[in-house]
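Coordinate inspection notes
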Amino acid sequence: MADRRILGLGCVLAAAAALFLFWGLRGPMAYILELRMVKLAGLLSVGAAVGVATVLLQTISRNRILTPAFMGFDALFLLLQTGLVAGLGIAGSSRIPPLAGFVLDAAVMMGAALLLFTSVLRRTRHDIQLMVLTGVVLGLMFRTITAFLQRLMDPSEFSIVQTRMFAQFGSIDREALVMALGLMLLAFWWLWRNHAVLDVAALGRDTARSLGVGHDRLQLKVLCIIAALVSVSTALAGPVAFLGLLVTSLAHSLMRTHRHALLLPAAALISALILVAGQTVFERILRLQSTLAVVIEFCGGLLFIYLLTRGKIR
Amino acid sequence: MADPAALDSGGRRGAAGRRPLVLMALLLCLLGGISLFVGASPLHPGALLSDPQALQLLAVSRIPRTVAVLLTGAAMAVAGVIMQLLVRNKFVEPGTTGTNEAAMLGLLAVTLLTPAMPLFGKMLAASASALAGTVLFILLSRRIPPEQPLLIPLAGLVYGGVLMACASFIAIQTDLLQYLGIWMSGEFSGILAGRYELLWLAGGLALLSYFAADQFTIAGLGRAVSLNLGLRYGQVLGFGIVTVSLVSALVIVTVGMLPFVGLVVPNLVSRIMGDNLRASLPAVAATGAGLLLLCDILGRLLRYPYEIPAGTVFGLFGAAVFLYMLLGRRAHG
């Protein structure tokens, strides 16, 4: 029964991907197809990473409204991009090879996240909500610095930063994509082997411990995986703030289960589907560029408020 | 909150209780004096008697700027404390409840639809949309279970994010994104005589709220208790929302967003003076004004002769203080 739903999702995703690849294919076919393949791979991997990371965060925090975007990842990414352009100038920042930029972004975000997790979790006796609020405040601080740096920029510098303020799938670097995919596969492999442990951890700290699961260590491991997934996907494409929220609530209402063996693949598939279908509609029908992320943020936020008013969130 | 002992000490305050306020007033005067003589173009107190240009500089730029900072700081801190009482949550301020974002959305709409609108009209539009945004958030916050205090600021941030997404979408399509950014970091270097007078209105509103301080304190105990004590809860709530929205809109239109002022100052003061607003509101206003002025002076000095916006300096300082309050509390709690 449940497998059928996953299969169905997979079929729909495959159809959407085919539509994305072959719709309106004209001119130098091989060249266009190659470009679209890279873009599609970017959409799929970012989607899967964000979906899985959000499910994981919600599991270990036992809270259905949290998304990694709250914890200041996006703000840190923007600060990095703005800082690079402000510090090195247009010429200097464009001379950084894309792969090095990707590695730098991912490493800084991952390092900051690990620092936050380890230092705050120890102080707060594993209070995840408090940790998230700490991340939120840090994010506000990063945003303040970013706003200050952007103020100093001239419009041509700002236009470079602006292209990175919202997720972009058009200019994904291939080597970076391969690296990101490798890291993601590693994370997914670990999750696949440990999905049953996650089911137990979702029962809460005390229950999990009495069932023999080392909850605190697991929590730290899962947080590291979340940090890796979010850092990599943000460094690859840019911030997609509330996509995860949209995805997990769809996955929960479709699967109606707490088993991670089903939830995680469903979330990954739905997330990729939203991105691929959204990008197709935006590019081919509406002919708008670069605003898919803003629309996703808007819809995700509306859904959040709807869930809140319905009392679905605990 | 309103336990008899606290009210009693508020009543007994008298001469001994005034001492901190007198101290604060002296500090404010000192900071104000420094602020008059710090800036890109040098000004010596001695030159005032001989040089008419120095007097003009003082009258056109330095005095308006100092007054603007003081008014803004006081009004924002008061708006923050009112918001915290109305939502009954210590972690909110107009910047984390969508009020600022709603004001920006209104400002953006007016700028696009009627570019020639005078400042006062823009202010009205921003206030109206800030009001709508705040009312919606208050309605929303009622649905959140009070036993999860951290959920409300998170909900407010997401709500603000949704409004901001609308604003960004419009701004991207119309190439106004950098223009939007100008409102996002509040600063005072553009303040000259004739360009800040709207802030007097914000200061007036803050003063007006002092007369309703007792009502706000009771409203902070919740709707049921307020009604039980004979408070016209709806009226007080309405007055509070209008005050918060107008102050936020006025500040955004004239100087821009100033995050953390409304969040940090009331929390600092309530740690020392408690939650009886009648006693603590003057201290909240004075602390807000003083801290913001300090940040503005620092911003003027750190990269002399260039400036760092007061909003940026306060953002860093406020985040640090807030994190300390957040994490320090739990470490020994």
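Nothing here was measured: the structure is a model prediction, and the numbers come from that model. Chains are numbered independently. Their residues run from 1 in the order of the written sequence. Chain letters start at A and ligand numbers start at 1, both assigned in the order the entries are written. Reporting in this predicted model follows two pLDDT cut-offs: at least 70 for local features of residues, and 80 or more for side-chain atom pairs to be given and counted; totals over whole chains, interfaces and linings ignore these cut-offs and use all residues.

Our next topic: the overall build of chain B. Counting its secondary structure elements, chain B contains 15 helices and zero strands. On C-alpha atoms alone, chain B measures out to a radius of gyration of 20 Å, which is about the 20 Å that the 2.2 N^0.38 rule sets for 333 residues. Dimensions of chain B, computed from the C-alpha atoms along their principal axes, are close to 65 × 55 × 40 Å. With 333 residues in all, chain B has 50% of them scored as buried. Helix numbering and strand numbering both begin at the N terminus, where a helix is a DSSP run of H or I of at least 4 residues and a strand a DSSP run of E of at least 2. The globule rule used here is 2.2 Å times the number of residues to the 0.38 power, and the radius of gyration it is set against is calculated over C-alpha atoms. Burial in this document is a count-based property: other C-beta atoms within 10 Å of a residue's C-beta are tallied, and the residue is buried at 20 or more, exposed at 12 or fewer, or partly exposed in between, with C-beta positions derived from the backbone.

To continue, consider the overall build of chain A. In terms of helices and strands, chain A carries 13 helices and zero strands. Relative to the compact-globule value of 20 Å for 314 residues, chain A shows a C-alpha radius of gyration of 19 Å, a close match. Principal-axis analysis of the C-alpha atoms gives chain A an extent of 60 × 45 × 40 Å. A total of 314 residues make up chain A; the buried ones form 48% of that total. At a minimum sequence separation of 6, the contacts of chain A that also span at least 24 residues come to 82%. By the criterion used throughout, residues are in contact when their C-beta atoms, derived from the backbone, lie within 7 Å.

What follows is about the confidence of the model for chain B. Residues and elements named next belong to chain B. Each residue gets a pLDDT score, which is the predictor's confidence in that residue and runs from 0 to 100. Summarising the model, chain B shows a mean pLDDT of 83, and 93% of its residues fall at 70 or more. Segment residues 1–16 is flagged for pLDDT under 50; beyond a separation of four residues in sequence, or across chains, it makes 14 contacts in the model. This complex was scored by the predictor with a pTM of 0.81 and an ipTM of 0.76.

Moving on: the packing of helix α13 (residues 292–309) of chain A against helix α7 (residues 151–173) of chain B. Relative orientation of the contacting elements α13(A) and α7(B) amounts to 150 degrees, with a least axis distance of 9 Å. The orientation of α13(A) relative to α7(B) falls into the category roughly antiparallel. In terms of crossing hand, the pair formed by α13(A) and α7(B) is left-handed. On α7(B), the residues touching V294(A), E297(A), F298(A), G301(A), L302(A), F304(A), I305(A) and L308(A) of α13(A) are A155(B), V158(B), Y159(B), G161(B), V162(B), A165(B), C166(B), S168(B), F169(B) and I172(B). Basically, the charged four are Asp, Glu, Lys and Arg, the nonpolar ten are Ala, Val, Leu, Ile, Met, Phe, Trp, Tyr, Cys and Pro, and anything else, Gly included, counts as polar. Among the residues making up the contact of α13(A) with α7(B), the classes are represented as 14 nonpolar, three polar and one charged. Whenever a helix is involved, its axis is fitted only over the stretch in contact; in every case the axis is a line through C-alpha atoms, and angles between N-to-C directions fall within 0 to 180 degrees. Under this scheme an angle from 65 to 115 degrees is roughly perpendicular, one under 35 degrees roughly parallel, and one over 145 degrees roughly antiparallel; angles in between are oblique. Note: crossing handedness is left-handed where the near helix turns anticlockwise from the far helix by less than a right angle, and right-handed where it turns clockwise.

Residue and element names in this part refer to chain A. Structurally, G101 can be placed in helix α4 (residues 98–123). According to the C-beta neighbour criterion, G101 is partly exposed, with 18 such atoms within 10 Å. Sequence separation of G101 and L9 is 92 residues, and the distance between their C-alpha atoms is 34 Å.

Facing the 36 residues of chain B at the interface are 35 residues of chain A. Contributing elements (two or more residues each) for the side of chain B that touches chain A: α7, α8 (177–184) and α15 (310–331) of chain B. Counting residues per element, the side of chain B that touches chain A draws most heavily on α7(B), at 13 residues. Per-class residue counts for the side of chain B that touches chain A are 26 nonpolar, eight polar and two charged.

So, on to the nonpolar core. Joined through C-beta atoms within 7 Å, a set of buried Ala, Val, Leu, Ile, Met, Phe, Trp, Tyr and Cys residues constitutes a nonpolar core. Counting residues in each nonpolar core, the largest one holds 209 residues, and the members touching the most others are L229(A), A75(B), V78(B) and V247(B). Counting residues per element, this core draws most heavily on helix α4 (residues 52–87) of chain B, at 16 residues. Look past the residues within four positions of A75(B) in its chain and what remains in contact with it is A202(B), G203(B), L205(B), A206(B), V247(B) and V251(B).

What follows concerns the packing of α4(B) against helix α9 (residues 198–211) of chain B. Packed helices, taken two at a time, are described by the angle their axes make and the gap between the axes. Residues and elements named next belong to chain B. One can describe the packing of α4 onto α9 by two numbers: an axis separation of 9 Å at closest approach and a directional angle of 40 degrees. Taken as axis vectors, α4 and α9 run oblique relative to one another. Of the two elements, α4 crosses α9, and the hand of that crossing is left-handed. Contacts between α4 and α9 involve A68, L71, T72, A74, A75, V78 and I82 from the former and L199, W200, A202, G203, L205, A206 and S209 from the latter. The residue inventory of the contact of α4 with α9, partitioned by class, reads eleven nonpolar, three polar and no charged.

A word on the environment of I297(B). Residue and element names in this part refer to chain B. In this fold, I297 is placed in helix α14 (residues 277–302). A sequence separation of 266 residues divides I297 from L31, and the C-alpha atoms of the two residues are 8.5 Å apart. In this structure, I297 is in contact with L31, I34, S35 and V38, ignoring residues within four places of it in sequence.

What follows concerns helix α12 (residues 260–286) of chain A. Over its 27 residues, α12(A) extends 36 Å from the first C-alpha to the last, a length consistent with the 39 Å expected when each residue adds 1.5 Å. Following α12(A) by one or two positions, R287(A) adopts a phi angle in the positive range, close to 55 degrees. Here the expected length of a helix is defined as 1.5 Å per residue gap, with one fewer gap than residues.

Moving on, we get to the environment of M37(A). Residue and element names in this part refer to chain A. In this fold, M37 is placed in helix α2 (residues 29–61). Accessibility expressed as a C-beta count within 10 Å gives 13 for M37, which makes it partly exposed. Measuring from C-alpha to C-alpha, the distance between M37 and F20 comes to 9.2 Å, with 17 residues separating the pair along the chain.

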